[in-house]
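What the coordinates show
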Amino acid sequence: MYLQVKLPWNVIIAPENLDIKGLLLQRAILVKVLEEFASRRAHKDLGYHIAVTSLESIGDGKVRQHTGEVLFPVVFSAITFNIFRGEVLEGRVHKVFKHGVFMRCGPMEHIYLSCTKMPGYRYVPGENPEFINEKSPPVGKDDLVRFMVIGTKWLEAEREFQALASLEGDFLGPLPRPEI
């Protein structure tokens, strides 16, 4: 689920952000690392980028000839979120369709639970559609569901993951709704 990783990165600093005192240069490098880490959103092997925890090292800068920009190799620690096949997680249902539901878990927005992977459940249409089962709580919008990941897919163009889920197994399914 959550991973602590060390990442090597190359940061390019514009000439106007260079400072002989060093402190402002270090700040400019850190700001650039944070901006680029957030803008890349996710990585195929590491999952979703959550946070930079520390800047481990800054290498010697190399000046680019035509632009005057300086390239600094850096290494930093970060936290990422990734899911793996066979992992048991909890997700919140945000869309209910006749053939299944979509759930969110952490930064993942596209976790699909097919009705064929919900044994004993049947679809009930209406204003608030849901899947019901005689022995378990219903599965509807905003419900919390414990599921097992049966597959993941990386979409390079969108820089995001999709996952398939199942309720086939012990202790999987909707968690009881809180009483008000």
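- The name given to the protein chain in an unreviewed UniProt entry is DNA-directed RNA polymerase subunit, with the source organism recorded as Linum trigynum.
- As its UniProt record puts it under Sequence similarities (unreviewed entry), the protein chain is described as follows: "Belongs to the eukaryotic RPB7/RPC8 RNA polymerase subunit family."
- Looking at the Subcellular location (unreviewed entry) heading of the UniProt record, one finds this comment for the protein chain: "Nucleus".

1. Overview of the overall build of the protein chain
- Along its length, the protein chain carries 1 helix and 14 strands.
- For 180 residues, the compact-globule formula gives about 16 Å, and the C-alpha radius of gyration of the protein chain, at 22 Å, lies well above that figure.
- Seen through its C-alpha atoms, the protein chain measures out along the principal axes to roughly 70 × 35 × 25 Å.
- By residue count, 37% of the 180 residues in the protein chain fall in the buried class.
- Of the contacts made within the protein chain by residues no fewer than 6 positions apart, 61% connect residues no fewer than 24 positions apart.
- Total accessible area on the protein chain is roughly 11200 Å²; 54% of this is exposed by carbon and sulfur atoms.
- When the 22 basic and 22 acidic side-chain charges of the protein chain are each reduced to a single mean position, those positions are 3 Å apart.

2. Regarding the pattern of salt bridges
- Within this structure, the stated rule accounts for 8 salt bridges.
- A salt bridge links Arg 40 to Glu 36, with the shortest nitrogen-to-oxygen separation between them at 3.9 Å. One end of the pair, Arg 40, and the other, Glu 36, are both in helix 1 (residues 23-40), 4 residues apart, so they sit about a helical turn from each other.
- Using a relative accessible area of 38% as the deciding quantity, one classes Arg 40 as partly exposed.

3. Side note on the nonpolar core
- Counting 25 residues, the largest nonpolar core has Val 101, Met 103, Met 108, Ile 111, Leu 113 and Phe 147 as the members making the most contacts within it.
- For this core, the elements supplying multiple residues, two or more each, are strand 6 (88-97), strand 7 (100-105), strand 8 (108-114), strand 12 (144-155) and strand 13 (160-166).
- Excluding its chain neighbours within four sequence positions, the residues that come into contact with Leu 113 are His 99, Gly 100, Val 101, Met 103, Met 118, Val 145, Ala 165, Ser 166 and Leu 167.
- Counting residues in hydrophobic clusters, the runner-up holds 16 residues, among them Val 5, Leu 7, Trp 9 and Val 11.

4. Looking at the sheet that holds strand 11 (residues 139-140)
- Judged by pairing direction, the sheet is antiparallel, and its 3 strands sit side by side in the order 9-10-11 without closing on themselves. Unpaired on one side and paired on the other, strand 9 (122-124) and strand 11 mark the two borders of the sheet.
- With 3 bridges joining them, strand 9 and strand 10 (residues 130-132) adopt antiparallel strand pairing. Each residue of the ladder has a partner; that of Val 124, found in strand 10, is Glu 130.

What counts and how
Residues numbered from 1 in each chain as written. Predicted model: local features only at pLDDT ≥ 70, side-chain atom pairs only at ≥ 80, totals over all residues. Heavy atoms only, no water. UniProt positions renumbered as here; feature names shortened; annotations may be inferred. Helix = DSSP H or I, 4+ residues; strand = E, 2+ residues; numbered from the N terminus. Rg over C-alpha atoms; globule rule 2.2 N^0.38 Å. Buried < 20%, exposed > 50% of the residue type's maximum accessible area, 1.4 Å probe, protein only. Contact = heavy atoms within 4.5 Å. Areas by Shrake-Rupley, 256 points an atom, 1.4 Å probe, with all protein chains shown as cover. Lys, Arg positive; Asp, Glu negative; His and termini not counted. Charge placed at Lys NZ, Arg CZ, Asp CG, Glu CD. Salt bridge = Lys/Arg side-chain N within 4 Å of Asp/Glu carboxyl O. Core = buried A, V, L, I, M, F, W, Y, C linked by side-chain atoms within 4.5 Å. Pairing = 2+ DSSP bridges.

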